[in-house]
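Topology and contacts: notes
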Amino acid sequence: MRHGICSTLFAGTLALGSLFAIAPAPVAAEVNAPRCAAPADLTRLDLPLTRTARGLAAHRLAMIVALGSSSTAGAGASSAEATYPSRLMAELARRSPTQSIIVLNRGIGGERAVDMLARFDDSVAAERPDLVLWQLGTNAVLGGYEHSKSDALIHEGIRRIKAIGADVVLIDPQFAPKVLARPESADMIELISSAAKQENVDVFHRFALMRHWHDVDGIPFEAFLSPDGLHMNDWSYHCFAKALADAIADAAAPDRESGTDAKAIAEEPR
């Protein structure tokens, strides 16, 4: 069910059964906080976000659904306002203050792809999204990995998102000690990238971004992970959301989607 709210600036989160973002407090700048930066080649999406671009060109409400597990729900964040979907909405609003953009948080801790697909109709399809951000893979790696089953589920999920007419961005696992300790993690990263190529959809490489923070920028795990050695913290959720917002804004820009007919899209039934 689409929410009947349309203003030019949405940000933050309010709990309504699931998280719905509205007016977040900015993340406090800490004196010793790492610099939030990433090379463009790590964050740029390979494919244009066609549906999203056309909706924005038509100045239509853009609906984004963030589907995932605990790192979408916000485990490790200090508040609902510090989760990545909430920060993403604030970042997108900052880049496009005249556009109407909502990001719905549909993350539930502990879920695997099969669980997310079981609630897909109610959690995702009912919102009629322009874009679905699907964060997946970590719990499969941590809880008993089956290559062929995971592969089939990723393809099924992509096809179900495509079937509702939404753009797709997959988000791969986090670069964290508990993930790295599992030998299956490398295969899962490759599995997600391979499925995305085969299905012609985008991947936001969260694993590579976080590895860059650690291996290139020299940021210790303790600075961007919670004490559990797995989940992100306020700084990393914010930095991740900032990079993802840049990627979405670029992929939904007019020059990435040639031939956009704003009038035709504006007249499409929603």
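This text goes with the structure placed above it.
Now for a quick tour of the structure. (Residues numbered from 1 in each chain as written. Predicted model: local features only at pLDDT ≥ 70, side-chain atom pairs only at ≥ 80, totals over all residues. Heavy atoms only, no water.)

Moving on: the pattern of salt bridges. Counted according to the given criterion, the structure contains twelve salt bridges. Here E91 makes a salt bridge to R94, at a shortest N to O gap of 3.1 Å. Highlighted residues: E91 and R94, both in helix α4 (residues 84-95), separated by three residues, approximately one helical turn. The exposure class of E91 is buried, given its relative accessible area of 5%. Look at R94 and you get exposed, because its relative accessible area is 52%. Beyond isolated ion pairs, a larger network of salt bridges with shared partners links E91, R94, R95 and D246. (Salt bridge = Lys/Arg side-chain N within 4 Å of Asp/Glu carboxyl O. Helix = DSSP H or I, 4+ residues; strand = E, 2+ residues; numbered from the N terminus. Buried < 20%, exposed > 50% of the residue type's maximum accessible area, 1.4 Å probe, protein only.)

The subject of this paragraph is the packing of aromatic side chains. Per the stated rule, a full pass over the model turns up seven aromatic pairs. Plain terms: the ring middles of F204 and F240 are 5.6 Å apart, the flat faces sit at 55° to each other, and that makes the pair tilted. Note that F204 is positioned in strand β7 (residues 202-204) and F240 in helix α13 (residues 234-251), a separation of 36 residues in sequence. Here F240 falls in the buried class, since its relative accessible area comes to 1%. Seen from their ring centres, W213 and W235 are 4.9 Å apart, and the 65° between their planes marks the pair as edge-to-face. Remark: W235 occurs in helix α13 and W213 occurs in helix α11 (residues 206-216); sequence separation between them is 22 residues. (Phe/Tyr/Trp six-rings, centres within 6.5 Å; stacked < 30°, edge-to-face > 60°.)

The subject of this paragraph is the pairing of strand β6 (residues 167-171). The buried count for β6 comes to five of five residues, which makes it a mostly enclosed element. Here β6 shows two buried faces, one formed by D167, V169 and I171 and the other by V168 and L170. Looking at chain direction, strand β5 (residues 131-135) and β6 are connected through five bridges and run parallel. Bridging across to β6, Q135 finds its partner in I171. Relative to β7, β6 runs parallel, the two sharing three bridges. When the sheet's bridge partners are listed, L170 is paired in β7 with V203. (Pairing = 2+ DSSP bridges.)

With that settled, consider the side chain of N139. Structurally, N139 can be placed in helix α7 (residues 138-142). In this structure the side chain of N139 is engaged in a polar contact, spanning 3.5 Å, whose partner is the side chain of S69. Discounting residues that sit within four places of it in the chain, N139 has contacts with S69, G110, E111 and R112. (Polar contact = N/O pair within 3.5 Å; in protein donor to acceptor, adjacent residues only side chain to side chain. Contact = heavy atoms within 4.5 Å.)

Here helix α8 (residues 147-163) contains 17 residues, and its C-alpha end-to-end distance of 24 Å stays within 8% of the 24 Å for a straight helix at 1.5 Å per residue. All of the buried residues in α8 are S150, L153, I154, H155, G157, I158 and I161. In the stretch just after α8, G165 is the one whose phi turns positive, near 85°. (Expected span 1.5 Å × (residues − 1).)

Our next topic: the packing of α8 against helix α10 (residues 185-199). It is at 10 Å that the axes of α8 and α10 come closest, and there the two elements cross at 40°. Two packed elements cross with a definite hand, and for α8 against α10 that hand is right-handed. Within the contact between the two elements, α8 uses H147, S150, D151, I154, H155, I158, R159 and K162 and α10 uses D187, M188, L191, I192, A195, A196, Q198 and E199. For the contact of α8 with α10, the residue count by class is seven nonpolar, four polar and five charged. (Axes fitted to C-alpha atoms, helices over the stretch in contact; angles between N-to-C directions. Left-handed = near helix turned anticlockwise from the far one by under 90°. Nonpolar A, V, L, I, M, F, W, Y, C, P; charged D, E, K, R; others polar.)

Moving on, we come to the state of the cysteines. Summed over all chains, the structure comprises one disulfide. Two residues, C36 and C239, share a disulfide whose sulfurs are 2.1 Å apart. Taking the torsion about the S-S bond as the criterion, the C36 to C239 disulfide, at about 105°, is right-handed. Note that C36 is positioned in the loop between β2 (18-20) and α1 (40-43) and C239 in helix α13, a separation of 203 residues in sequence. (Disulfide = S-S within 2.5 Å.)

This part is about the nonpolar core. With 75 residues, the main nonpolar core has L88, L133, L170, F204 and W213 as its most contacted residues. The greatest single-element share of this core, amounting to eleven residues, is contributed by α13. Sequence-distant contacts of L88, defined by excluding residues within four places in its chain, comprise V103, L133, A241, L244, A245 and I248. (Core = buried A, V, L, I, M, F, W, Y, C linked by side-chain atoms within 4.5 Å.)

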